[in-house]
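Examining the three-dimensional arrangement
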Amino acid sequence: MDMLSSTMLTNQALMARPSIPVHLSSRGSVSVLGFSLPSPRTNCMRHHGIAVIRASVAVEQQTQKTRVALIRIGTRGSPLALAQAYETRDKLMAKHAELAEDGAIEIVIIKTTGDKILSQPLADIGGKGLFTKEIDEALINSDIDIAVHSMKDVPTYLPEKTILPCNLQREDVRDAFISVGAASLAELPTGSVVGTASLRRKSQILHRYPLLKVEENFRGNVQTRLRKLNEGVVQATLLALAGLKRLNMTENVTSILSIDEMLPAVAQGAIGIACRSDDDKMANYIASLNHEETRLAVACERAFLLTLDGSCRTPIAGYASKDPDGNCIFKGLVASPDGTRVLETSRKGPYAFEDMVKMGKDAGKELLSRAGPGFFDS
């Protein structure tokens, strides 16, 4: 066989060989922390000819070009968490031209404690940071550059060496009622089982509808919960409307609960983006995405939560919003897990950071005083 024939056969073989996806064109790349994708090796055997050498060198140069990302985004691996990470990536790409280049942004999936332990209720595995601890560690260790969180998962105390200067514009904060046999909680037959992993939802459901039952270890991502509902494990469930909207799954919603019927979790519907406190470049990138109205509302609600020192065992709800006159309206609630006691309060004041943080703290102190000793131990 002459050199030309050999070269043509070699090129055909290379074209037929399946390629390894190293990045997602303009979408950047995706990797899993702790694992590395294999990288193409230059295989330039002399008898392959000059064309093969050039092709191999081109592949290697392209790989090197896209291998190092300008920003590595850390996130959980659930469909909703990834949707939030992609939303962050898209906003960064739209805001900063250099981040719109191929491979400029990499999404790194990190498995958290909350993702690993699915057999027990969240209140039993307890503690704060169930869905953020490992991501925070990766950030501090410089394995990622920024971290994207659901704000309602973020503990009131941020880890040392990290800051959270950005909240994206908040989605709808309400809860969605989903059932295959009833139009609302009020229409569920006596003894019907509602599935939820949230003590906040459980206590408010039982307070208003004491003849219903609640399965509180109803865990898993949105898709898993909907599958369990369709299989008849429960007769209904409640999910955050914000998550369903981000997943384009609102067709599953039976009805939407009003704020008065189901006060949302602190920071529900808000996305937070953190970085290292000494990384000015990343801080500037993510600060450019900040939605100030959302940031102030979240600060108010988290001040309320911090004052109550809420844990996974304490049903707490809080919501700050802007009224038509531009003032802040805050509503807060604490409850016993069985729903027999529910304490509520509200505040109104200027929509400004210091005033709103003060409102949140003041509302928390009031409910602590009204609850009395032992209330949060029940």
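Residues numbered from 1 in each chain as written. Predicted model: local features only at pLDDT ≥ 70, side-chain atom pairs only at ≥ 80, totals over all residues. Heavy atoms only, no water.

**Remarks on the overall build of the chain**
Selection criterion: What counts as a helix is a DSSP run of H or I of at least four residues, what counts as a strand is a run of E of at least two, and both are numbered from the N terminus. Think of it in three bands: residues with accessible area under 20% of the maximum for their type are buried, residues over 50% are exposed, and the middle band is partly exposed, with areas taken using a 1.4 Å probe on protein chains only. Calculation of accessible area relied on Shrake-Rupley with a 1.4 Å probe; when residues are assessed, cover is drawn exclusively from the protein chains displayed.
When helices and strands are counted, the chain shows twelve helices and 14 strands. Here the chain holds 378 residues, and 49% of them are scored as buried. Surface exposure of the chain reaches about 18,500 Å², of which carbon and sulfur atoms provide 52%.

**What to know about helix α12 (residues 353–371)**
Selection criterion: Expected helix span is computed as 1.5 Å times (number of residues minus one). Here, two residues are considered to be in contact whenever any of their heavy atoms come within 4.5 Å of each other.
Here α12 spans 27 Å end to end across 19 residues, near enough to the 27 Å set by a 1.5 Å rise per residue. Packed against the buried residues of α12 are α11 (292–308), β13 (327–335) and β14 (342–350). Just downstream of α12, G372 is the residue with a positive phi angle, here 80°.

**Concerning the pattern of salt bridges**
A pair can form between side chains of opposite charge whenever their charged atoms are brought close. What counts is decided by this rule: Counted as salt bridges are all cases of a side-chain nitrogen of Lys or Arg within 4 Å of a carboxyl oxygen of Asp or Glu.
If you walk through the whole model with that rule in mind, you get 22 salt bridges. With its nearest N and O atoms 2.6 Å apart, the salt bridge here joins R89 to D90. R89 gets classed as buried once you look at its relative accessible area, which sits at 2%. When the shortest N-O distance is used, the salt bridge between K133 and E137 registers 2.8 Å.

**With respect to the environment of T112**
Structurally, the position occupied by T112 is in the loop between β3 (105–109) and α4 (113–116). Taking the C-alpha atoms as reference, T112 lies 6.6 Å from T132; in sequence the two are 20 residues apart. Sequence-distant contacts of T112, that is, excluding residues within four places in its chain, are made with R76, L130, F131, T132, E134 and I135.

**Quick word on unusual backbone geometry**
Backbone geometry places S142, a non-glycine residue, at a positive phi of 65°. The class for S142 is partly exposed, based on a relative accessible area of 36%. Residue K161 is not a glycine yet carries a positive backbone phi of 75°. Relative to the helices and strands, K161 resides in the loop between β4 (146–150) and β5 (162–167).

**Here we look at helix α3 (residues 79–95)**
When the terminal C-alpha atoms of α3 are compared, their 24 Å separation across 17 residues agrees well with the 24 Å that a helix rising 1.5 Å per residue should span. A81, L82, A83, Q84, A85, T88, R89, L92 and M93 are the residues of α3 that are buried. Elements in contact with the buried residues of α3: β2 (71–75), β3, β4, α9 (241–246), β11 (271–276) and α10 (280–287).

**Structural notes on the side chain of T345**
What counts here: Residues adjacent in sequence count toward polar contacts only when both atoms are side-chain atoms; beyond that, a polar contact is any pair of N or O atoms within 3.5 Å, and within protein one must be able to donate a hydrogen and the other to accept it.
By secondary structure assignment, the location of T345 is in strand β14. Its relative accessible area of 10% is what places T345 among the buried residues. In terms of polar contacts, T345 uses its side chain to reach the side chain of R347, at 2.8 Å.

**Regarding the packing of aromatic side chains**
Pairs of aromatic rings are described using the distance from one ring centre to the other and the angle between the two planes. Our working definition: Stacked, edge-to-face and tilted are the three classes for Phe, Tyr and Trp ring pairs, Trp counted by its six-membered ring, which pair at centre distances within 6.5 Å; planes under 30 degrees apart are stacked, over 60 edge-to-face, the rest tilted. Only lysine NZ and arginine CZ atoms are considered, and such an atom sits over a ring when it is within 6 Å of the ring centre and within 35 degrees of the ring normal.
In this structure the tally under the stated criterion is one aromatic pair. The aromatic ring of Y351 is capped on one face by K322, whose charged end is 4.7 Å from the ring centroid.

**Describing the nonpolar core**
The following threshold applies: For the purposes of this section, nonpolar cores are sets of buried Ala, Val, Leu, Ile, Met, Phe, Trp, Tyr and Cys residues that join through side-chain atoms within 4.5 Å. Marked domain ranges trace back to an automatic or database domain assignment.
By size, the foremost hydrophobic cluster in this structure holds 34 residues, and its most contacted members are I144, M151, F304, V334 and M356. Elements represented by at least two residues in this core include exactly α6 (133–140), α11, β12 (316–322), β13 and α12. Considering each element in turn, this core owes the most residues, seven residues, to α11. The two domains that each donate at least three residues to this core are domain 1 (68–168 + 270–290) and domain 3 (292–377). Counting 21 residues, the second-largest nonpolar core is a separate cluster that includes I71, I105, I107 and I273.

**Notes on the sheet that holds strand β8 (residues 213–215)**
Rule in force here: A pair of strands counts as paired when DSSP detects no fewer than two bridges linking them. Each axis is a line fitted through C-alpha atoms, and for a helix only the stretch in contact is used; angles between axes span 0 to 180 degrees, taken between their N-to-C directions.
As summarised here, the arrangement of the five strands in space is β8-β7-β9-β6-β10, forming an open sheet in which the pairing is mixed. A single partner strand is all that each edge strand has here, and the edge strands are β8 and β10 (255–256). Strand direction decides the pairing type here: strand β6 (residues 175–179) and β10, joined by two bridges, are antiparallel. Bridged to F177 within β10 is S255. Across the sheet, helix α7 (residues 199–208) lies against β6, β7 (193–195), β8 and β9 (236–240), angled at about 130° from β9, the strand it touches most. Strand contacts of helix α8 (residues 222–230): β6 and β9, with the helix running at about 165° to β9, the strand carrying the most contacts.

**Re the sheet that holds β13**
Taken in spatial order, the three strands make up an open sheet running β12-β13-β14, and their pairing is antiparallel. Strand pairing shows two members of the sheet lacking a second neighbour, β12 and β14, which therefore form its edges. Adjacent strand axes in the sheet meet at a mean angle of 10° when their direction is disregarded. Strand direction decides the pairing type here: β12 and β13, joined by seven bridges, are antiparallel. Each bridged residue has a counterpart across the sheet, and for I316 the counterpart in β13 is V334. Sheet strands in contact with α7 are β12, β13 and β14, and its direction is about 95° off that of β12. Lying on the sheet, α11 is in contact with β12 and β13; it crosses β12 at an angle near 150°.

**Section: the confidence of the model for the chain**
To keep it simple, the criterion reads: pLDDT measures the predictor's confidence residue by residue and takes values from 0 up to 100.
Residues at a pLDDT of 70 or more form 77% of the chain, whose mean pLDDT is 83. A low-confidence stretch, residues 1–27 stays under pLDDT 50, and its non-local contacts, those more than four residues away or across chains, total 30 contacts. A low-confidence stretch, residues 34–66 stays under pLDDT 50, and its non-local contacts, those more than four residues away or across chains, total 30 contacts.

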